[in-house]
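Below, each chain spelled out in residue letters.
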There are 2 protein chains.
Amino acid sequence: MKRRLLLVSNSTLHGSGYLDHCQQQIAQFFGKDVKRVLFVPYALHDRDAYTKTARNKFKTLGYEVDGIHEAADPVEAVRKAEGIFIGGGNTFRLLKSLYDNKVVSEIRKRVLEDGVPYMGSSAGTNVATISISTTNDMPIVYPPTFGAIGLVPFNINPHYLDPDPNSRHMGETREQRITQYHEETDTNVLGLREGCMLLVEGNKATLLGSTKARLFTRGKTCVEYDPGSDLSFLLTDAH
Amino acid sequence: MKRRLLLVSNSTLHGSGYLDHCQQQIAQFFGKDVKRVLFVPYALHDRDAYTKTARNKFKTLGYEVDGIHEAADPVEAVRKAEGIFIGGGNTFRLLKSLYDNKVVSEIRKRVLEDGVPYMGSSAGTNVATISISTTNDMPIVYPPTFGAIGLVPFNINPHYLDPDPNSRHMGETREQRITQYHEETDTNVLGLREGCMLLVEGNKATLLGSTKARLFTRGKTCVEYDPGSDLSFLLTDAH
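Residues numbered from 1 in each chain as written. Chains lettered and ligands numbered in written order. Predicted model: local features only at pLDDT ≥ 70, side-chain atom pairs only at ≥ 80, totals over all residues. Heavy atoms only, no water.

- Taking an unreviewed UniProt entry as the reference, chain A is identified by name as dipeptidase E belonging to Sphaeramia orbicularis.
- Database annotation for chain A, UniProt heading Subcellular location (unreviewed entry): "Cytoplasm". (UniProt positions renumbered as here; feature names shortened; annotations may be inferred.)

What follows is the structure, encoded as structure tokens:
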């Protein structure tokens, strides 16, 4: 399998600029062969402004950016893409727009069959997995399904957050929410804290970045993984 | 319109027990005429344990509790109910179960036409509104629609949370999430902080409890309301 993915937890890390914390990994991921990256801004309302932000950042790394919404035919734009980057925002809006524009299966095909590198950040990482059922976002629009592009056989919780021991707020913690998900299904959930990301190359998966990830497996104790950890087993596990 | 609703933000307030913070309002709301309350535990996985918790609490207030899942025919149970209480948990699971059990329209009819008192807490408050699009919960299951029971013509965000100025977490604040919702539609959103609740009697709505509520209207500045405020205008506003 030619699959190459860079699945980033968060677009902006506290105290730094847009994509600053993962710029080295981005440059290494898209490498020298890719010149133009197809950017999917569907997760935010203002697609032009969002594309401009991405374009400015990628320019500093040596890449041109095309907004998929600028193309006459978005499916054709995916067919021609050298690299794909789906940005963060609202996951429900993003998934609905991907289906509305009929690009879900074409992105899957291009990434899994043709080896086009796929980068996702936050919501763009959610939609790369089995489903958006472990997003943190508000369900502001109704997508035709929660099923997503399915580039990996598990789910991710981006912006994973540890409970605040001083909080007096009684809403569920992130861990409690993921436990509720596991009352319904047995799909593995990888909690990516802000600052870390998952690199997938074929059947090899590696945790990169500066923070740990937490793996939730139904009926088992959570496991913490340090940056540099080999998480390839997640790609072969049917869960 | 006979409608009587008690829409509570949260089931448990920090430092107190289950429904302790609103027990006076509950007793006043159901009053002396109601003897038995139909409890809907669909938002949690263990319906028996949840019903036991509600039953024990309501017993101290002088009410018997019947779990809707214990009835042979849930629609018939709604038809016979003297009072209804839908508890909190996961809003997606709750809404899906309400549709799976075909009780949505029957609850609407009983409350709006027959004047059966309806109490909701957290997710049970979300499903009383136009839609669950302003829930905080994780979309662990896929309901047939986000449209809800529609007992009031606006949406509520329960457990409303002010931004933490010391947070280094870069996920969206609650206000940012509701602003994203208003990029899609113009339905009013009432943010109920933990500790407050909305009492609706016919066309009169009053904020009760110990904390303020924050009203989000598309394109306008947010407005804060103190406990005791008359919010009846929300019931006539088409938004």
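1. A closer look at the overall build of chain A
And step 1. Regarding its fold elements, chain A presents eight helices and 11 strands.
And step 2. Taking 18 Å as the expected radius of gyration for a compact globule of 239 residues, we find that chain A reaches 17 Å, a close match to that expectation.
And step 3. Judged by the C-alpha coordinates and their principal axes, chain A covers about 45 × 35 × 35 Å.
And step 4. Relative to its 239 residues, chain A shows a buried fraction of 56%.
And step 5. For chain A, contacts bridging at least 24 residues in sequence account for 69% of all contacts bridging at least 6.
And step 6. When the accessible surface of chain A is totalled, it reaches about 9400 Å², and 48% of it is carbon and sulfur.
And step 7. If you average the places of the 28 positive and of the 28 negative side-chain charges in chain A, the two averages end up 3 Å apart. (Helix = DSSP H or I, 4+ residues; strand = E, 2+ residues; numbered from the N terminus. Rg over C-alpha atoms; globule rule 2.2 N^0.38 Å. Buried < 20%, exposed > 50% of the residue type's maximum accessible area, 1.4 Å probe, protein only. Contact = heavy atoms within 4.5 Å. Areas by Shrake-Rupley, 256 points an atom, 1.4 Å probe, with all protein chains shown as cover. Lys, Arg positive; Asp, Glu negative; His and termini not counted. Charge placed at Lys NZ, Arg CZ, Asp CG, Glu CD.)

2. As for the interface of chain B and chain A
And step 1. Tallying the contact residues gives 41 residues for chain B and 41 residues for chain A.
And step 2. Carbon and sulfur atoms make up 57% of the surface buried where chain B meets chain A, a total of about 3600 Å² over both sides.
And step 3. In terms of surface lost to chain A, no three residues of chain B exceed B:His14, B:Met138 and B:Tyr142, which account for 20% of the buried area on that side.
And step 4. For A:Arg177, the salt bridge identified is with B:Asp137, shortest N-O distance 3.2 Å.
And step 5. For the pair chain B and chain A, the interface holds 23 residue pairs in polar contact (both at pLDDT 80 or more).
And step 6. Those elements giving two or more residues to the side of chain B that touches chain A turn out to be helix H4 (91-100), strand E6 (155-160) and helix H7 (174-182) of chain B.
And step 7. The element best represented in the side of chain B that touches chain A is H7(B), accounting for five residues.
And step 8. Of the residues belonging to the side of chain B that touches chain A, the class tally is 16 nonpolar, 16 polar and nine charged. (Buried area = accessible area lost by both parts, 1.4 Å probe. Salt bridge = Lys/Arg side-chain N within 4 Å of Asp/Glu carboxyl O. Polar contact = N/O pair within 3.5 Å; in protein donor to acceptor, adjacent residues only side chain to side chain. Nonpolar A, V, L, I, M, F, W, Y, C, P; charged D, E, K, R; others polar.)

3. Let's talk about the nonpolar core
And step 1. A:Leu98, A:Tyr118, B:Leu98 and B:Tyr118 are the most contacted members of the largest nonpolar core, which has 110 residues in total.
And step 2. Not counting residues within four places of it along the chain, the set of residues in contact with A:Leu98 comprises A:Val40, A:Tyr42, A:Ile86, A:Val103, A:Val104, A:Ile107, A:Val127 and A:Ile149. (Core = buried A, V, L, I, M, F, W, Y, C linked by side-chain atoms within 4.5 Å.)

4. Overview of helix H1 (residues 23-30) of chain B
Residues and elements named next belong to chain B.
And step 1. The complete set of buried residues in H1 reads Gln25, Ile26, Phe29 and Phe30. Projected onto a plane normal to the axis of H1, the buried residues spread over an arc of 115° and lie on a single side. Residues of H1 that are exposed and point more than 90 degrees away from the buried face comprise Gln24 and Gln28.
And step 2. Among the residues trailing H1, Gly31 stands out with phi positive, at a value near 65°. (Arc of directions from axis to C-beta.)

5. Considering the sheet that holds strand E10 (residues 213-216) of chain B
Residue and element names in this part refer to chain B.
And step 1. One open sheet accounts for four strands, arranged E6-E7-E10-E11; its pairing is mixed. One side of each edge strand has no neighbouring strand; the edge strands of this open sheet are E6 and strand E11 (223-225). Neighbour-to-neighbour, the strand axes of this sheet turn through a mean angle of 25°, independent of strand direction.
And step 2. Across three bridges, E10 lies against E11 in antiparallel orientation. When the sheet's bridge partners are listed, Ala213 is paired in E11 with Tyr225.
And step 3. Seen against the sheet, H7 touches E6, strand E7 (189-193) and E10 and runs at an angle of roughly 170° to E6. (Pairing = 2+ DSSP bridges. Axes fitted to C-alpha atoms, helices over the stretch in contact; angles between N-to-C directions.)

6. Considerations on empty space enclosed by the protein
And step 1. In this structure the tally under the stated criterion is one cavity of 30 Å³ or more.
And step 2. Considered as a void within the structure, the largest cavity measures approximately 30 Å³ in volume.
And step 3. Split by residue class, the lining of the largest cavity holds no nonpolar, four polar and four charged. (1 Å grid on protein atoms, 1.4 Å probe; cavity = no way out; pocket = protein on both sides within 12 Å on 5 of 7 lines; lining within 4 Å. Points joined across faces, edges and corners; volume = space filled by probe spheres on them.)

7. Section: the packing of aromatic side chains
Residues and elements named next belong to chain A.
And step 1. Using the criterion set out here, one finds 26 aromatic pairs over all chains in the structure.
And step 2. Judged by centre distance (5.1 Å) and plane angle (80°), the rings of Phe39 and Tyr50 are edge-to-face. Of the two residues, Phe39 is situated in strand E2 (residues 36-40) and Tyr50 in helix H2 (residues 47-60); the sequence distance between them amounts to 11 residues.
And step 3. What makes Phe39 buried here is its relative accessible area of 0%.
And step 4. Feature note: the residues Phe29, Phe30, Phe39, Tyr50, Phe58, Tyr63 and Phe85 constitute an aromatic cluster, connected by ring pairs. (Phe/Tyr/Trp six-rings, centres within 6.5 Å; stacked < 30°, edge-to-face > 60°.)

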